[in-house]
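Residue-level listing of the chains:
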Amino acid sequence: MFRRSAALMDKSGRRFVDNLKVLLSSGTGGDGASIMAHEHGNEFAGPGGGNGGNGGNIMIKCVKDKYDLSHIKQLGTQLKAPDGCCGYAREAHGKRGKDMWLEVPLGTEIIDVDTNEVVYDMNEVGMEVLLLEGGQGGKGNAAFANKWHHSPIESTRGLPGNTMLAQLELKSIADCGLIGYPNAGKSSLLSAISSSKPAVAPYAFTTLRPYIGVLHDLYGNTCRIADIPGLMEGAYENRGLGHQFLRHVERTKTLAFVVDMHSTYTPDPKEPSMEPWDVVALLQCELEYYLPNLSERAIMVFANKMDQEVDTNGRPLVDKLKELTDRVTLPVFPVSAALGIALGPDRQAGRAVGGHSVH
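Every value quoted in this text rests on a predicted model; they were computed, and no experiment measured them.

**Points about the overall build of the chain**
Okay, step 1: Along its length, the chain carries eight helices and 16 strands.
Okay, step 2: Out of the 359 residues belonging to the chain, those deemed buried represent 47%.
Okay, step 3: Partitioning the intrachain contacts of the chain with sequence separation of at least 6 by distance along the chain shows that 70% fall at a separation of at least 24.
Okay, step 4: Summed over all atoms, the accessible surface of the chain reaches about 18300 Å², with 52% contributed by carbon and sulfur.

**Some details on the pairing of strand β7 (residues 108-112)**
Okay, step 1: Counting buried positions along β7 yields five of five residues, so the element is predominantly enclosed.
Okay, step 2: By the alternation rule, side chains of β7 split into T108, I110 and D112 and E109 and I111, which are all buried.
Okay, step 3: Sheet topology places β7 next to strand β10 (residues 163-170); five bridges connect them, and they run antiparallel. Note that in β10 the partner of D112 across the bridge is A166.
Okay, step 4: As consecutive antiparallel partners, β7 and strand β8 (residues 117-122) are separated by four residues, and within that stretch N116 has a phi angle of approximately 60 degrees, a positive value.

**Concerning empty space enclosed by the protein**
Left-over empty space is what a probe sized like a water molecule reveals as it rolls over the atoms.
Okay, step 1: For the structure on display, the rule yields two cavities of 30 Å³ or more.
Okay, step 2: In this structure, the largest cavity encloses a volume near 50 Å³.
Okay, step 3: As for the largest cavity, its lining consists of H262, S273, M274, E275, D311, T312, N313 and K320.
Okay, step 4: Of the residues belonging to the lining of the largest cavity, the class tally is one nonpolar, four polar and three charged.

**Considerations on the sheet that holds strand β6 (residues 100-105)**
Okay, step 1: In spatial order, the strands read β6-β4-β9; together these three strands make up an open sheet with mixed pairing. Strands at the two margins of the open sheet, each flanked by one partner only, are β6 and β9 (128-132). For this sheet, the mean angle separating the axes of adjacent strands, direction not counted, is 30 degrees.
Okay, step 2: In terms of strand pairing, strand β4 (residues 58-63) meets β9 through four bridges, oriented antiparallel. Residue pairing for β9: I58 is matched across the bridge by L132.

**With respect to unusual backbone geometry**
Okay, step 1: Positive phi, close to 60 degrees, is recorded for N116, a residue that is not glycine.
Okay, step 2: Taking relative accessible area as the criterion, N116 reaches 65% and is therefore assigned exposed.
Okay, step 3: The phi dihedral of N293 falls on the positive side, at around 70 degrees, and the residue is not glycine.
Okay, step 4: Tracing the sequence through the fold places N293 in the loop between α5 (276-290) and β15 (298-304).

**Topic: the side chain of S336**
Okay, step 1: With respect to the element layout, S336 can be found in the loop between β16 (332-334) and α7 (337-343).
Okay, step 2: On the basis of relative accessible area, S336 is assigned to the buried category, the value being 1%.
Okay, step 3: A distance of 3.2 Å separates the side chain of S336 from the side chain of D307, its partner in a polar contact.

**Considering the pattern of salt bridges**
Okay, step 1: This structure, assessed with the given rule, holds 13 salt bridges.
Okay, step 2: Across the salt bridge formed by K305 and D260, the nearest N and O atoms sit 2.8 Å from each other. Of the two residues, K305 sits in the loop between β15 and α6 (317-327) while D260 sits in strand β14 (residues 254-260), which places them 45 residues apart along the sequence.
Okay, step 3: Of the residues examined, K305 reaches a relative accessible area of 22% and is grouped as partly exposed.
Okay, step 4: The network of salt bridges with shared partners includes E109, K171 and E250.

**Things to note about the environment of S25**
Okay, step 1: Locating S25 in the fold gives a position in strand β1 (residues 19-25).
Okay, step 2: Taking relative accessible area as the criterion, S25 reaches 14% and is therefore assigned buried.
Okay, step 3: C-alpha of S25 to C-alpha of A81: the two residues are 56 residues apart in sequence and 6.4 Å apart in space.
Okay, step 4: With residues up to four places along the chain from it excluded, the contact list for S25 reads I58, L79, K80, A81, L132, N162 and T163.

**Topic: the environment of V125**
Okay, step 1: Among the structural elements, V125 can be located in the loop between β8 and β9.
Okay, step 2: Measuring from C-alpha to C-alpha, the distance between V125 and K64 comes to 6.1 Å, with 61 residues separating the pair along the chain.
Okay, step 3: Other than its neighbours up to four places away in sequence, V125 contacts C62, V63, K64 and L106.

**A few points about the side chain of D260**
Okay, step 1: A relative accessible area of 6% places D260 in the buried class.
Okay, step 2: There is a polar contact of 3.2 Å between the side chain of D260 and the backbone nitrogen of S263.
Okay, step 3: Of the polar contacts made by the side chain of D260, one reaches the side chain of K305; its length is 2.8 Å.

**What about α5?**
Okay, step 1: Its 15 residues place the ends of α5 21 Å apart at the C-alpha level, agreeing with the 21 Å of an ideal helix rising 1.5 Å per residue.
Okay, step 2: When we look at burial in α5, the residues that qualify are P276, W277, V279, V280, L282, L283, E286, L287 and Y290.

About the criteria used
- Residues numbered from 1 in each chain as written.
- Predicted model: local features only at pLDDT ≥ 70, side-chain atom pairs only at ≥ 80, totals over all residues.
- Heavy atoms only, no water.
- Helix = DSSP H or I, 4+ residues; strand = E, 2+ residues; numbered from the N terminus.
- Buried < 20%, exposed > 50% of the residue type's maximum accessible area, 1.4 Å probe, protein only.
- Contact = heavy atoms within 4.5 Å.
- Areas by Shrake-Rupley, 256 points an atom, 1.4 Å probe, with all protein chains shown as cover.
- Pairing = 2+ DSSP bridges.
- 1 Å grid on protein atoms, 1.4 Å probe; cavity = no way out; pocket = protein on both sides within 12 Å on 5 of 7 lines; lining within 4 Å.
- Points joined across faces, edges and corners; volume = space filled by probe spheres on them.
- Nonpolar A, V, L, I, M, F, W, Y, C, P; charged D, E, K, R; others polar.
- Axes fitted to C-alpha atoms, helices over the stretch in contact; angles between N-to-C directions.
- Polar contact = N/O pair within 3.5 Å; in protein donor to acceptor, adjacent residues only side chain to side chain.
- Salt bridge = Lys/Arg side-chain N within 4 Å of Asp/Glu carboxyl O.
- Expected span 1.5 Å × (residues − 1).

So yeah, pure geometry; function would need other evidence.
Shown next, in the form of structure tokens:
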């Protein structure tokens, strides 16, 4: 699954990574110095070795302008913070190792592979955590001087840093997730109702990473909507994009199904197109297989492409819409995402996407 994740690219040609395993190590503390002081007029001024500096920490910060983990993957599979410097003469302490900061997008989980425990859940922008503390610096011989021991020569070495084999998993956080078959028009719908611009093209699996759009109402409220890449039958068995993007559905508060009323995608062009109500039932099963009770978050069905009059078999879409409404228990909203994009994300587009312009 990890190899498949690394191979996917978005429309800019950049690799999209939402699952990454990396060995993290904080810096080793610097050694303390064992030096006898030699000063002008006093060649035996006593111990003068300084302490070593502490090693650098591994710090994690949740930022707004990161959308995946590709920037961390480019750094390599083993990341180590700088070590502390050793102590110097004249009781000069060594410089502390610089902290290594790893910026992660909102919704990233930090998992300890050895214990399979979620150490941190980066669920708030600006959140900063200390993941691994650097090793403590060693003490120089000056630190051992006292009234009974005037000329110590002993010193200690710096302590090693901490190490963790970490699994970084990105799970998108949104108020609503758009679920549907490939080429159902989820990206077009998101483009019509928000300023988000996901990849839109007339072929399957156009969206290779989740996109988040923000919907504003007249009262200043906001709703984060996630465009989840297309699912297909057997997704719970990791067919198609499978578990790689089903994990992004876990954190959505609600779900909305998007069905293609004109023609449903099928892997084999010779197979007949599925009916919209069958698609809804299959999507519900896929969600249940992946995570029990996940399908209960679905609150509505968007019947997309209602700007067309008939489907590929010549059946009027108005008749299919009525049958879809009768067969499913969720509220059904006829929409035309393509018409919404043409009008732009404003009130007119909202009316078009809301289905009021469909006759």
